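Report on the structure
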Amino acid sequence: MRWRDLRAGELRKEHVGQRLALAGWVGRRRDHGGLVFIDLRDESGLAQLVINPERTEEAAAVAHGVRNEFVVRAEGEVAARAPEAVNPSLPTGEVELQVDQLEIVSRSEPLPFQLDEENVDEVTRLRYRYLDLRRERMQRNLRLSAAVISAIRRFMDEQGFVDVWTPNLTKATPEGARDFVVPVRLQPGRFFVLPQSPQLFKQILMVAGFGRYYQIATCFRDEDLRADRQFEFRQLDLELSFPTREEVLDTLEGAVVASFEALGRTPPERPFRRLTWHEAMARYGSDKPDLRFGLELNDLTEETRGSEFKVFAQAPSVQYLTLPQELSRAELASLEELAKEWGGKGLAYLVFDEEDEVRSPIAKFLSAELVDAVRPEQPGATVLFGADEPETVARVLSAVRNHLGRQLALIDASRDEFLWVTDFPLFEWDEDNKRWAASHHAFTGVRPGDEDLIESDPGQALSQAYDLVWNGWELGSGSIRIHDPEIQRRVFKAMGIDEAEAQERFGFLLEVLRMGAPPHGGFAMGIERFVALMAGEQNIREVVAFPKTASGSEPMTGAPTPIAQDILAELGIQVLPQDG
């Protein structure tokens, strides 16, 4: 038996008079006193079935027992709808299937939630994800994801990149997050890890002479889950030999534009805007700023060195932003709590009313010159200050800026703002371990001319790293890599990795680099983050078929689960009791 001649959403006016079979799920059933209408749904859309007892009593009897989400097969004649019954919002809205035969293929128990129900608890949605995925929103998002990946693949193939699959069982290397560890039965006491990225393999492919590599790589990171993080995720991973930075950035811009065009959306203008890391931090307090609204930061450190207000005078950094409207005491108190949540001690302010008079508990401690220095061009404004260590001030004012942008509807949602952030520091200070750590990863190239700073002043050395940001979301990062083994050794040394440890952990890479390594560089862009923004979603769980919850669980299957003791014993693993 042929289950169907067409998919439900393909039924059209040109099929009128034809005898066809359709199959799918019952989206809705309406009984009009004998005459039964069924909205039949499959992956392509909806078609209306009409079951008339005067045409077929047998099919009518079956129809009365049909319920939502039953799977049915219907056979009959395609007919034009009456003019008053045409549904212009449906592609199939001009026709219907007059059913002669109706078969219940599969029954459904009562659902835990209706597919058109709003505000269903997320845990319930994930527990019954197979039902949630039937909903129009999830169908749209996952199909959009497939279209984006298809467009990226076409573009990369056209640009001469070779799709190479790399291992998912590999050696632990420092990537910035915890590894997922995999025991090996054949070698007790030894472990693989799941890759946080194919970083080393793609560099090795360049030494192997492939020149242009890419893959849609699955990566794994054992880190706290958030709106833009999952344990496992995909990234567009690519690497080029003998590249300039411009070639790498141009490739990513092309992949982004190809994705927009595949979805029929107006692509962003090229080249994308650029800011150095220092510029982004100075103006926005963030290395992933949302450029769809203003509220830029301004530095006031030098002007406050002799201030009578000791909080300002003694702070290593004083910065402010100006909001073009007056905030109430309640609004200011709420912002102060937000600042504390982000590690600040508080949030000083000056409110300039419509008469340009100042309202603030700190105004009496500030000189007229200092007040005039921050006075807005127009009255009716609020100036918010951060005074602390530079990193804390940037973090707090960036959080306040983003909060105000959302709360006060300052963000122009009609704009898509892509941004390259370049020239990141090569190292950052790890206060816990009292040593320098790589800002991106240990294989990031040094900015030409900064090589001597690796030893003499690591904090001032800049890298050849770059990040791509879209509307305040970091899509991914990349760099021109280190291809000189001596530079790689010096970077390891600056990070406190001595020769013995470097050989133990990275001996294979150092050997590879000694075998004629070309200059190379690349990028990795998070697919789920990119697709979520394309779909207008704020959480990547909405574009992942089977995501984990914030606790790291997968409610549908119940994973993770304990492993039987005999299996653990075979692997040489003992699970220790957990406190609490």
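Everything numeric in this text was worked out from a predicted model, so none of it was measured. (Residues numbered from 1 in each chain as written. Predicted model: local features only at pLDDT ≥ 70, side-chain atom pairs only at ≥ 80, totals over all residues. Heavy atoms only, no water.)

1. Some remarks on the overall build of the chain
Quick note on the threshold: Helix and strand labels come from DSSP, where a helix needs a run of H or I of at least four residues and a strand needs a run of E of at least two; each type is numbered from the N terminus. Relative accessibility under 20% of the residue-type maximum defines a buried residue, over 50% an exposed one, and the middle range a partly exposed one, all with a 1.4 Å probe and only protein chains included. Working rule for contacts: check all heavy atoms of both residues, and any pair within 4.5 Å makes them a contact. Only the protein chains shown count as cover for residues, and all accessible areas are computed by the Shrake-Rupley method using a 1.4 Å probe. Charge convention: Lys and Arg are scored as positive, Asp and Glu as negative, and His as well as the terminal groups of each chain are ignored. Every charge is mapped onto a representative atom, which is NZ of Lys, CZ of Arg, CG of Asp or CD of Glu.
Counting secondary structure elements, the chain contains 16 helices and 22 strands. Dimensions of the chain along its principal axes, counting C-alpha atoms only, are 95 × 75 × 55 Å. Residues classed as buried in the chain amount to 47% of the 580 residues present. Relative to all contacts within the chain whose residues are 6 or more apart in sequence, the contacts with residues 24 or more apart total 66%. Accessible surface for the chain amounts to roughly 29000 Å². Of this, 49% is attributable to carbon and sulfur atoms. Taking the 67 positively charged and 97 negatively charged side chains of the chain as two groups, their mean positions are separated by 4 Å.

2. A short note on the pattern of salt bridges
When their charged atoms lie close together, side chains carrying opposite charge are able to pair. Condition: Just to be clear on terms, a salt bridge is a Lys or Arg side-chain nitrogen sitting within 4 Å of an Asp or Glu carboxyl oxygen.
Under the defined criterion, the tally for this structure stands at 50 salt bridges. Salt-bridge contacts for arginine 7 lead to glutamate 43; the nearest nitrogen and oxygen are separated by 3.8 Å. Of this pair, arginine 7 sits in the segment before strand E1 (19-32) while glutamate 43 sits in the loop between strand E2 (35-42) and strand E3 (45-51); the two residues are 36 residues apart in sequence, bridging distant segments of the chain. One salt bridge in this structure joins arginine 226 and aspartate 228, with 3.7 Å as the shortest N-O distance. Of the residues examined, aspartate 228 reaches a relative accessible area of 17% and is grouped as buried. When salt bridges with common partners are traced through the structure, they connect Arg125, Arg129, Asp132, Arg135, Arg137, Glu537 and Glu542 into a single cluster.

3. Let's talk about the packing of aromatic side chains
Spelled out, the test is: Pairing of aromatic side chains here covers Phe, Tyr and the six-membered ring of Trp, requires ring centres within 6.5 Å, and sorts the geometry by plane angle: under 30 degrees stacked, over 60 edge-to-face, intermediate tilted. The rule is short: NZ of Lys or CZ of Arg within 6 Å of the ring centre and within 35 degrees of the ring normal puts a charge over the ring.
Within this structure, the stated rule accounts for 18 aromatic pairs. Ring geometry for phenylalanine 309 against phenylalanine 312: centres 4.8 Å apart, planes inclined by 75°, an arrangement best described as edge-to-face. Neither phenylalanine 309 nor phenylalanine 312 differs from the other in exposure class; each is buried. Measuring from ring centre to ring centre gives 6.4 Å for phenylalanine 443 and phenylalanine 492, while their planes differ by 85°; the resulting arrangement is edge-to-face. Of this pair, phenylalanine 443 sits in the loop between strand E19 (435-438) and helix H12 (453-456) while phenylalanine 492 is found in helix H13 (residues 485-494), placing the two residues 49 residues apart along the sequence. Accessibility expressed as a relative area gives 0% for phenylalanine 443, which makes it buried. Taken together, the ring pairs connect Phe260, Phe272, Phe418, Trp470 and Phe530 into an aromatic cluster. Lying over the aromatic face of tyrosine 128, arginine 127 brings its terminal NZ or CZ to 4.5 Å of the ring centre.

4. Digging into a negative patch on the surface
Note the cut-off: Exposure above 30% relative accessible area and the lack of any salt bridge qualify a residue for a patch; like charges then connect within 9 Å, and the nonpolar side chains Val, Leu, Ile, Met, Phe, Trp and Tyr within 5 Å.
A contiguous patch of negative charge, built from Glu326, Glu354, Glu355 and Glu357, is present on the exposed surface. Structurally, the position occupied by glutamate 326 is in the loop between strand E13 (317-323) and helix H9 (329-341). Of the residues examined, glutamate 326 reaches a relative accessible area of 31% and is grouped as partly exposed.

5. Digging into helix H15 (residues 527-535)
Of all nine residues that make up H15, nine are buried, and the element is covered over most of its length. All of the buried residues along H15 are Ile527, Glu528, Arg529, Phe530, Val531, Ala532, Leu533, Met534 and Ala535.

6. Thoughts on unusual backbone geometry
Residues arginine 270 and proline 271 are joined by a peptide bond in cis, for which omega reads -5°. Relative to the helices and strands, proline 271 is located in the loop between helix H6 (245-262) and strand E11 (273-276). In this chain, alanine 559 is followed by proline 560 through a cis amide linkage whose omega measures 0°. Position of proline 560 relative to the elements: it lies in the loop between H15 and helix H16 (565-571). With phi around 60°, asparagine 119 is a residue other than glycine that occupies positive phi space. The topology assignment puts asparagine 119 in the loop between strand E5 (95-106) and helix H2 (122-127). In this model, asparagine 471 sits at a positive phi of 50°, which is unusual for a non-glycine residue.

7. A look at the nonpolar core
Test applied: For our purposes a nonpolar core is just a set of buried Ala, Val, Leu, Ile, Met, Phe, Trp, Tyr and Cys residues, chained together by side-chain atoms within 4.5 Å.
Core analysis: the largest hydrophobic core is formed by 39 residues, its most contacted members being Leu236, Leu238, Leu468, Phe523 and Met525. In contact with leucine 236, not counting residues within four places along its chain, are Ile152, Met156, Tyr214, Gln215, Ile216, Leu252, Ala255, Phe523, Ala524, Met525 and Ile527.

8. Overview of the packing of H9 against helix H11 (residues 390-407)
Put simply, the rule is: A fitted line through C-alpha atoms serves as each axis, taken over the contacting stretch for helices, and the angle formed by two N-to-C directions is quoted from 0 to 180°. For classification purposes, angles smaller than 35 degrees are called roughly parallel, those larger than 145 roughly antiparallel, those between 65 and 115 roughly perpendicular, and all remaining angles oblique. Each crossing is labelled by how the near helix is turned from the far one, with a counterclockwise turn of less than a right angle marking it left-handed and a clockwise turn marking it right-handed. In this classification, Asp, Glu, Lys and Arg are treated as charged, Ala, Val, Leu, Ile, Met, Phe, Trp, Tyr, Cys and Pro as nonpolar, and every other residue, Gly included, as polar.
Running from N to C, H9 and H11 point in directions that differ by 135°, and their axes come no closer than 9 Å. With respect to H11, the element H9 is oriented oblique. Seen along the crossing, H9 lies across H11 with a hand that is right-handed. Contacts between H9 and H11 involve Leu335, Leu338 and Ala339 from the former and Val396, Ala399, Val400, His403 and Leu404 from the latter. Grouping the amino acids of the contact of H9 with H11 by side-chain chemistry returns seven nonpolar, one polar and no charged.

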